[in-house]
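Commentary on secondary and tertiary structure
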Amino acid sequence: MKTPRLTKRFATQCLIFIAIFLCIFTVLQYISFMITGIEQTQLIESVFTVIGLECGCLILKRISDTIFKKKTDDTFIDDIEEDFPDMYDGDDIAG
């Protein structure tokens, strides 16, 4: 199953997007401060809080996926076949 590869790619893409966003945001805040002379402290704090929460959730998801490995669909079917062997004898039900 290709899920772990896609998950890693998604997390990497999110981190790259966050890094680019933070660079652009910091440059724009610096330009805004140079023009107006007023720092947007509430906006800056809010943005960095949200970004911190998003990164923390990505890390927490990665840790929980590592600790509590999910069963794949194949193992689930194998478990059913072991519990109910007469249901999976190879005959088609519709006959």
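It should be emphasised that the depicted structure is a prediction, and the values quoted were computed from it without experimental measurement. (Residues numbered from 1 in each chain as written. Predicted model: local features only at pLDDT ≥ 70, side-chain atom pairs only at ≥ 80, totals over all residues. Heavy atoms only, no water.)

**Overview of the confidence of the model for the chain**
Heads up, the rule is: As a per-residue quantity, pLDDT reports the predictor's confidence and falls between 0 and 100. Runs of H or I in DSSP of at least four residues are treated as helices and runs of E of at least two as strands, each being numbered from the N terminus.
Across the chain, the average pLDDT comes to 76, with 64% of residues at 70 or higher. Mean pLDDT values for the elements of the chain range from 54 in helix α3 (residues 73-83) up to 88 in helix α2 (residues 41-67).

**Quick notes on the packing of aromatic side chains**
The test is simple: Geometry of aromatic contacts follows a simple scheme: Phe, Tyr and Trp rings, the Trp one being its six-membered ring, pair when their centres are within 6.5 Å, and the pair is stacked under 30 degrees between planes, edge-to-face over 60, tilted otherwise.
Evaluation of the coordinates by the stated rule reveals three aromatic pairs. Following the ring pairs from residue to residue traces out a cluster consisting of Phe17, Phe21, Phe25 and Phe48.

**Quick word on the pattern of salt bridges**
In plain terms, the rule: Any carboxyl oxygen of Asp or Glu within 4 Å of a side-chain nitrogen of Lys or Arg constitutes a salt bridge here. The classification of residues rests on relative accessible area computed with a 1.4 Å probe and restricted to protein chains. Under 20% of the type maximum is buried, over 50% is exposed, and intermediate values are partly exposed.
This structure, assessed with the given rule, holds one salt bridge. Two residues, Lys61 and Asp65, come together in a salt bridge whose shortest N-O distance is 2.9 Å. Pair noted here: Lys61 and Asp65 are both in helix α2, with a separation of four residues, about one helical turn. Overall, Lys61 belongs to the partly exposed group, its relative accessible area being 41%. Residue class for Asp65 comes out partly exposed when judged on its relative accessible area of 28%.

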